[in-house]
Each structure stands twice: as structure tokens, then as C-alpha cells.
Amino acid sequence: MLRRERTTHEPGAREREPPPLHPGYAAIQFVVSSYPWRGTIEIVDKCFCHDTMEQIVDSLERVSSETNDAWCISTLNRLKEASPLSLKVSLRSIREGRF
């Protein structure tokens, strides 16, 4: 529902419609709602909240065995293929780069 806004604070002032939404908004909303990994946001939050790569990998292993989620299994396999040192350096760079 569109909300009407007053142009001034005077009683009886002329009302105007809010500006229209950006034309791409509907397309963006469709893409986000239909994206295949939409259900994995909870998994990402649960697994990547840990402080070390070992804890992250352990959490991914636990979740992938419980849920059999394709994204989780794929991510776990990719992490296991990568160099442990590079993963630790990347994690530290990401975490410290926020500040």
C-alpha cells in the first residue's frame, strides 16, 4: 500500500504520492526470492561464525552430515582442497579488514 506524504506540516496541505520504485526493483526481488542458495543463509551464519578455520570446517562437516545440503558439501570439498595456510590468511584478512 502506498503511503501519502504531506508536502508541508500545515493542516490541509496538499498531499503527494511517494516517488515510484526503481524499475529494476521487481527484477531484483524476483532474483533474490528464487535464488538457489536462499535457504543456505542460516547454514552460512551457523558455520562461518567461528574464529578458526578448523572450527569452520568442523561445523560444515557436522551440518553437511545432518542436512545433506548440496551447497554445504560443495563448500566443504572446496575448503578441503585449498591450502590450510591460505585459508587461515584469508580468514584473518577478511575478519580484520572489516575494521
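Above this text sits the structure in question.
Overview of the structure. (Residues numbered from 1 in each chain as written. Predicted model: local features only at pLDDT ≥ 70, side-chain atom pairs only at ≥ 80, totals over all residues. Heavy atoms only, no water.)

With that settled, the discussion passes to the side chain of Ser64. Positionally, Ser64 belongs in helix H3 (residues 53-67). Within the structure, Ser64 has its side chain in polar contact with the backbone oxygen of Glu61 (distance 3.0 Å). Each residue touching Ser64, except ones within four places of it in the same chain, is listed here: Asp69, Cys72, Ile73 and Leu76. (Helix = DSSP H or I, 4+ residues; strand = E, 2+ residues; numbered from the N terminus. Polar contact = N/O pair within 3.5 Å; in protein donor to acceptor, adjacent residues only side chain to side chain. Contact = heavy atoms within 4.5 Å.)

What follows is about the environment of Cys47. Among the secondary structure elements, Cys47 is positioned in helix H2 (residues 41-47). We classify Cys47 as buried; its relative accessible area is 0%. If we skip the residues at most four places from it in the chain, Cys47 touches Ile56, Ser59, Leu60 and Val63. (Buried < 20%, exposed > 50% of the residue type's maximum accessible area, 1.4 Å probe, protein only.)

In this structure the tally under the stated criterion is 3 salt bridges. We note a salt bridge from Glu61 to Lys80, for which the minimum N-O separation is 2.9 Å. Pair noted here: Glu61 is in helix H3 and Lys80 is in helix H4 (residues 70-81), with a separation of 19 residues, a long-range link. According to the relative accessible area criterion, Lys80 is exposed, its value standing at 51%. With a shortest N-O distance of 3.0 Å, Arg92 and Glu96 are connected by a salt bridge. Linking Arg92 with Glu96, this pair stays in helix H5 (residues 84-97), spanning 4 residues, or about one helical turn. On the accessibility criterion, Arg92 (56% relative accessible area) is exposed. (Salt bridge = Lys/Arg side-chain N within 4 Å of Asp/Glu carboxyl O.)

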